[in-house]
Amino acid sequence: MRVYFDNAATTPLDPEVLKEMYKVMENHYGNPSSIHAHGREARTLIERARKTIAGLLHTSPAEIFFTSSGTEADNTAIRCGIVDHNITHAITSPIEHHAVLHTLEAMEKSGVIKLSFVNVDSKGNVDYDHLETLLKNNERSFVSIMHANNEIGTLSDMIRIGDLCEAYNAIYHCDTVQTMGHYQHDLSKLKAHFLVCAGHKLHGPKGVGFLHVNHRIKIKPFIYGGAQERNMRGGTENIYGIVGMAKALELAYAEMEQHRKHIQDLKTYMMGKLTDQIPGVSFNGETDPEKSLYTVLNVAFPEMEMGDMLLFNLDIAGISASGGSACSSGTDIGSHVLTAIGASSSKPSVRFSFSKYSTKEEVDYVVAKVRELCPVNA
Ligand SMILES: Cc1ncc(COP(=O)(O)O)c(C=O)c1O
C-alpha cells in the first residue's frame, strides 16, 4: 500500500481538472495578447476563469490577478502593499510561511521597514491584544497574518484581524493558501486588502495562483513587462494552469461541505486511534475543529531512539508525510513553526495532511505502521 498524507504540501490533480486543462493544451495555443482569433480564444478562456473565481468568492473579476504561485502572490502583496503606500512598519507572526517571513525579513534587512512579531500561544493562536498594542504603538502598519498555518493547522480569526486593521487604518494581507477551496471566503464581507491562492493546494495544477487585491487599495506591478493582467503582471499567461485552477475551485466549492465532513471525520478518527494506541502521543497546534484546519494533523510522537528517522521509516513503509512544512523538507533546518510554539525538539513531529481522496483504510494502515515504529512495541 502507498499512502499519500502530504496534501498540505500539494494535492493530486482532480481528473475533471486534468480534462479541462488537456482541452486547452490541445486546442488553444494562441497567445492571449494577440488580437487575432487564436489569441482572442485564449483571452476568453482566461477571462472566463477569472469570472468563475470572482463569482465563487463574491468579488469582482477586476480584483483577481493571476500569478505563478502562492509565493509570488504573497511577495506581490507584501512588497507592493508596503512600498507603494510608504509603510514603514509591518506586523507578522513568527509562524508564517517562508513566502511571507523571508520577504518581510529581507525588507527589514534592507531598511525599508521595522518588523514586529505578534505573540502566538503554545497552539499557534494569535494574541489579539498584543496585535492591537502593536497597531496602536506604531504609525500605519502593514499586517500579514496567515489564515491557517500550513504545519500545525491553527486558524486565525480573519474577522477580528480585519476589524482591528480597519480601526487602526492598517493594510491587511492574509495568506489564505491553505484555506482557499477549503472554506467559504466571502470577499464582499472580509476586510483583508490582499488574499492569495495556490492552485495546487486544492487539486488544481502547480505553478499557478492568484492574488486578490481589494478595490479599496491600489498597487503598482510587482513584475514589469507586457500589458498582461491589465498592466499589473507582465508575462504570457499560463492559460491551462489558470483554467485548471478555476475548475479546481469550482469543484471545491460544489462539494465543500461533504469533503469537509469526510476529512474532519478522518482527522478525528486518526487522533482517537493514535491516542488509544500510542502512549505519550500528543498533537501540535489547535485541535478544536472550530480553530483548526481540518486537512492538517500534526502529531508529536513520544521520544524515541532514531526519532529523526521516523519520516524516512514511514516512507519506507509506504507512507508519504511531512516533518513540518514540506516547502522546507529536504533541508535539515528544524521547523520554525514548532520552535515558535515551544514544541519539544526531542519529540519527533510528523504532519499528516488529508484530502477528499483520503480513506479510513489509509488511516488504519498508517496508524498500524506508526505503532510498529514506536517504542511501546520494543
Ligand atoms: C501557507 C502557505 N503560503 C504560501 C505557500 C507557497 O505557495 P506556492 O507553493 O504556490 O508557492 C505555501 C505552500 O506550501 C503555504 O502553505
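Please refer to the structure higher up on the page.
Residues numbered from 1 in each chain as written. Predicted model: local features only at pLDDT ≥ 70, side-chain atom pairs only at ≥ 80, totals over all residues. Heavy atoms only, no water.

### As for empty space enclosed by the protein
In this structure the tally under the stated criterion is five cavities of 30 Å³ or more. In this structure, the largest cavity spans a volume of roughly 150 Å³. Considering the residues around the largest cavity, the lining is formed by 16 residues, among which Gly181, His182, His203, Ala252 and His259 are closest to the centre. Of all the secondary structure elements, the ones that give two or more residues to the lining of the largest cavity are helix 8 (239-254) and helix 9 (256-277). It is helix 9 that provides the largest number of residues to the lining of the largest cavity, a total of four residues. Class assignment for the residues of the lining of the largest cavity results in eight nonpolar, five polar and three charged. (1 Å grid on protein atoms, 1.4 Å probe; cavity = no way out; pocket = protein on both sides within 12 Å on 5 of 7 lines; lining within 4 Å. Points joined across faces, edges and corners; volume = space filled by probe spheres on them. Helix = DSSP H or I, 4+ residues; strand = E, 2+ residues; numbered from the N terminus. Nonpolar A, V, L, I, M, F, W, Y, C, P; charged D, E, K, R; others polar.)

### Focus: the state of the cysteines
Here a disulfide denotes a covalent bond joining the sulfur atom of one cysteine to the sulfur atom of another. This model, assessed by the stated rule, comprises zero disulfides. Here Cys80 stays free of any disulfide, with the sulfur of Cys174 as its closest cysteine sulfur at 18 Å. We note that Cys165 lacks a disulfide partner, and the nearest cysteine sulfur, in Cys174, lies 9.8 Å from it. (Disulfide = S-S within 2.5 Å.)

### Focus: the site of the ligand
Lining the immediate surroundings of the ligand are 14 residues, of which Gly70, Thr71, Asp175, Gln178 and Lys201 lie closest. In the environment of the ligand, an oxygen atom lies 2.8 Å from a nitrogen or oxygen atom belonging to the backbone of Gly70. Contact distances for the ligand include 2.5 Å between an oxygen atom and a side-chain N or O atom of Thr71. With three residues, the single largest contributor to the shell around the ligand is helix 3 (residues 70-83). Split into classes, the residues belonging to the shell around the ligand amount to four nonpolar, seven polar and three charged. (Near = heavy atom within 4 Å. Polar contact = N/O pair within 3.5 Å; in protein donor to acceptor, adjacent residues only side chain to side chain.)

### What to know about the pattern of salt bridges
Applying the stated criterion across every chain, the model contains 16 salt bridges. Notably, a salt bridge pairs Lys273 with Asp364, separated by 2.8 Å at the nearest N-O pair. Of this pair, Lys273 sits in helix 9 while Asp364 sits in helix 12 (residues 360-373); the two residues are 91 residues apart in sequence, bridging distant segments of the chain. Take Asp364: its relative accessible area is 25%, and that puts it in the partly exposed class. (Salt bridge = Lys/Arg side-chain N within 4 Å of Asp/Glu carboxyl O. Buried < 20%, exposed > 50% of the residue type's maximum accessible area, 1.4 Å probe, protein only.)

### Quick word on the sheet that holds strand 12 (residues 349-353)
The strand order across the open sheet formed by three strands is 9-10-12, and the pairing between neighbours is antiparallel. A strand with exactly one partner marks an edge of an open sheet, and here the two such strands are strand 9 (282-284) and strand 12. Averaged over all adjacent pairs, the angle separating strand axes in this sheet is 35°, with direction ignored. Relative to strand 10 (residues 296-300), strand 9 is paired through three bridges, and the arrangement is antiparallel. From the neighbouring strand, Phe283 faces strand 10, where its bridge partner is Val299. Set on the sheet, helix 9 makes contact with strand 9, strand 10 and strand 12; between it and strand 10 the angle comes to about 10°. (Pairing = 2+ DSSP bridges. Axes fitted to C-alpha atoms, helices over the stretch in contact; angles between N-to-C directions. Contact = heavy atoms within 4.5 Å.)

### Thoughts on the environment of Lys189
For Lys189, the position within the fold is in the loop between strand 6 (171-174) and strand 7 (194-198). For Lys189 and His58, which are 131 residues apart along the polypeptide, the C-alpha to C-alpha distance reads 8.7 Å.

### A few points about the packing of helix 2 (residues 37-56) against helix 8
Their axes nearest at 9 Å, the elements helix 2 and helix 8 cross at an angle of 30°. With respect to each other, helix 2 and helix 8 are oriented roughly parallel. Our pair here, helix 2 against helix 8, has a crossing hand that is left-handed. Residues Ala42, Leu45, Ile46, Ala49, Thr52, Ile53 and Leu56 of helix 2 form the contact with helix 8, whose participating residues are Ile239, Ile242, Val243, Met245, Ala246, Leu249, Glu250 and Tyr253. Residues of the contact of helix 2 with helix 8, tallied by class, amount to 13 nonpolar, one polar and one charged. (Parallel < 35°, antiparallel > 145°, perpendicular 65-115°, else oblique. Left-handed = near helix turned anticlockwise from the far one by under 90°.)

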